[in-house]
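Residue-level listing of the chains:
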Amino acid sequence: MARTAVVVGAGIGGLSAAIGLRRAGWDVTVLERVTVFRPVGAGLVLQANGMRCLDALGLAAAVQLQGRPGGSGGTRRPDGRWLARIAAGDLERVLGTSAIGVHRADLHEMLLGALPDDTVVTGARVTAVTADGLVDYDGPAGPARIAADLVVGADGIHSTVRRLMWPAAAGPVHIGVRAWRGVTQVWDGDLAAAITWDRGAEFGIVPLVDGRVYWFAAVNAVPGRPAGDERASVLARFGSWHDPIPALVAATDTVLRDDLACLDEPLPTYVLGRVALLGDAAHAMTPSLGQGANQALEDAVVLAAVAGGPAGLAAYDARRRPRSQQVAKASRMIGRFGQQLENPIAVAARNAVMRLTPPRLALRSMARFTDWHPPAQP
Ligand SMILES: Cc1cc2nc3c(=O)[nH]c(=O)nc-3n(C[C@H](O)[C@H](O)[C@H](O)COP(=O)(O)OP(=O)(O)OC[C@H]3O[C@@H](n4cnc5c(N)ncnc54)[C@H](O)[C@@H]3O)c2cc1C
């Protein structure tokens, strides 16, 4: 009889794990608390590691159709001058594969479409989990219990599974950064992907397919109440930055805002009995390296590769915890050196270093995070 797995949470990490485990012969049920998936979110950059994971799950070709391979890009100043430029194709030459900008909702829909309809149970909020694989949830037909050989906690930064099974673990902490994200639906001009840095602020542009553009903005700020009109807040802060930043923001219908948080204290293990944590539930990180979803994809393909093997979940923990925690730590540091840096002398020194660093060298230093290959899938 097939081994059974319950995945808690149908985000990018949970759905990818479900796809990988099914391909490895597991009988999988995904429990998701929302009743309807809405096309929420903004964009994501799938880097070489994430694209290779999607390839391992049989989805890279479909994602490539939905995404736009990175062209030229780099880092700019608010007046538009370039601090560092990457020529189109350089990323591919250094890493062997291009980074792809996708709308999160498109990726989510594609992952969902790769699973049989009855795999994902919506309107199912998990309330209790035990180390021997019992999962209680409030489901569409009322309270229910399910037993499984493997329980995957893929329920995001505020994970219930982590809180229940790792009660002593510290919860997420705010990092003193407010981020806005949006997707501009129609954009005629030709755009380079770029991040623009000022003191304590950044604005990023990622062209998507069909003329859409994903953008993100961040400033140093203590957590606070939503402004009401988030687009006006972004324009107030970034309206004087180089073209086309003001026009992109002005042309965006929905602007999302988050006071960013991450798990600052690394967990001592991602595994307890039959339960494994994955994605943001295990290692919610800052977005500075753009690796949160890419790391969730890595978790998913490693879990699928080793969960049924002789070392089982211990192998998953050994392979995933050091790497994901190293990426999370680096992401935090890069944020401090990049968007969060406020001291004018430090900013000038950073900009000088960036101007003097050959782009290929900068790309190679990124390769230690992105140039990762998944294990063979069973
Ligand atoms: C501003 C910003 C920009 C980002 N940019 C990038 C980027 O460019 N590249 C990148 O790789 N990453 C990026 N990320 C990070 C990325 O979005 C996350 O790391 C990733 O989506 C996490 O996926 P996940 O599946 O682990 O969790 P989630 O997407 O949070 O999914 C968790 C799911 O679990 C469900 N759930 C929660 N509790 C329960 C429960 N009790 N019972 C049942 N279901 C439950 C939730 O409803 C949800 O569907 C960014 C993040 C932010 C904030």
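Refer to the preceding data block for the structure.
This text gives an overview of the structure that appears in the document.

Per the secondary structure count, the protein includes 13 helices and 19 strands. Relative to a compact globule of 378 residues, whose C-alpha radius of gyration would be 21 Å, the protein shows 21 Å and is just as compact. Each principal axis of the C-alpha atoms in the protein carries an extent, and together these give about 60 × 45 × 40 Å. Residue burial in the protein is summarised as follows: out of 378 residues, 46% are buried. Contacts in the protein between residues far apart in sequence, at least 24 positions, make up 74% of those at least 6 positions apart.

Around the ligand sit 33 residues, and of these G9, G11, G156, G279 and G292 come closest. For the shell around the ligand, the secondary structure elements donating two or more residues are α1 (12-23), β3 (43-46), β9 (125-129), β13 (173-184), α9 (280-283) and α10 (292-306). If you tally residues by element for the shell around the ligand, the top one is α10, at four residues. The class makeup of the residues in the shell around the ligand is 15 nonpolar, 11 polar and seven charged.

Below, the discussion takes up unusual backbone geometry. Between D243 and P244 the backbone carries a cis peptide bond, its omega angle lying at 5°. Checked against the element boundaries, P244 lands in the loop between α7 (230-238) and α8 (245-250). In this model, D210 sits at a positive phi of 60°, which is unusual for a non-glycine residue. Inspection of the secondary structure assignment puts D210 in the loop between β15 (201-207) and β16 (213-220).

Judged by how many residues are buried, β15 sits mostly within the fold: seven of seven residues are covered. Residues A201, F203, I205 and P207 line one face of β15 and the alternating positions E202, G204 and V206 line the opposite face, and both faces are buried. Of the strand pairs in this sheet, strand β14 (residues 193-198) and β15 are connected by five bridges, and their pairing is antiparallel. Bridge pairing links I195 to G204 in β15. Taking the residues that link successive antiparallel strands as the turn, the β14-β15 hairpin has two residues, and the phi of G200 there is positive, at about 70°. Taking the residues between adjacent antiparallel strands as the criterion, β15 and β16 are bridged by five residues, where D210 takes a positive phi near 60°.

Moving on: the sheet that holds strand β19 (residues 275-277). Pairing is mixed in the open sheet, where six strands are placed in the order β8-β2-β1-β12-β19-β18. The strands lining the two open edges of the sheet, one partner per strand, are β8 (120-121) and β18 (271-272). In the sheet, strand β1 (residues 4-8) pairs with strand β2 (residues 27-31) via five bridges, with the strands oriented parallel. The partner of T4 across the bridge, within β2, is D27.

Take the nonpolar core next. V7, A17, V152, A276, L278 and L303 are the most contacted members of the largest nonpolar core, which totals 106 residues. At 10 residues, α10 tops the list of elements feeding residues into this core. Contact partners of L303, with chain neighbours within four places excluded, come to A17, G20, V152, A276, L278 and Y316.

Now for the environment of A201. Structurally, A201 can be placed in strand β15. Remark: the alpha-carbon pair of A201 and Q340, spanning 139 residues in sequence, is separated by 6.6 Å. Leave out the neighbours within four places in its chain, and A201 touches A218, V219, R237 and Q339.

Overall, antiparallel pairing links the three strands, which are arranged β9-β10-β11 in an open sheet. The open sheet is flanked by β9 and β11 (142-147), the only strands paired with a single partner. Ignoring which end each strand starts from, the neighbouring axes of this sheet average 25° apart. Pairing analysis gives six bridges linking strand β10 (residues 134-139) to β11, with the strands arranged antiparallel. Residue pairing in the sheet places G139 in a bridge with G142 of β11.

As a further point, take helix α12 (residues 344-356). The first and last C-alpha atoms of α12 sit 18 Å apart over 13 residues, in line with the 18 Å expected at 1.5 Å per residue. Among the 13 residues of α12, zero are classified as buried, and the element is accordingly described as predominantly exposed.

Side-chain positions along a regular strand alternate between the two faces of the sheet. Bridge count for strand β5 (residues 73-76) against strand β6 (residues 82-86) is four bridges, and the pairing is antiparallel. Residue pairing in the sheet places G74 in a bridge with R85 of β6. If you look at the hairpin formed by β5 and β6, you'll find five residues sitting between the two strands, and G80 has a positive phi there, around 100°.

To continue, consider the environment of L248. Relative to the helices and strands, L248 resides in helix α8. Along the sequence, L248 and V183 sit 65 residues apart, while their C-alpha atoms lie 8.7 Å from each other. Ignoring sequence-local partners within four residues, the contact set of L248 consists of T184, I205, V213 and W215.

Rules and cut-offs
Residues numbered from 1 in each chain as written. Predicted model: local features only at pLDDT ≥ 70, side-chain atom pairs only at ≥ 80, totals over all residues. Helix = DSSP H or I, 4+ residues; strand = E, 2+ residues; numbered from the N terminus. Rg over C-alpha atoms; globule rule 2.2 N^0.38 Å. Buried ≥ 20, exposed ≤ 12 C-beta atoms within 10 Å, placed from the backbone. Contact = placed C-beta atoms within 7 Å. Near = placed C-beta within 6 Å. Nonpolar A, V, L, I, M, F, W, Y, C, P; charged D, E, K, R; others polar. Pairing = 2+ DSSP bridges. Core = buried A, V, L, I, M, F, W, Y, C linked by C-beta atoms within 7 Å. Axes fitted to C-alpha atoms, helices over the stretch in contact; angles between N-to-C directions. Expected span 1.5 Å × (residues − 1).

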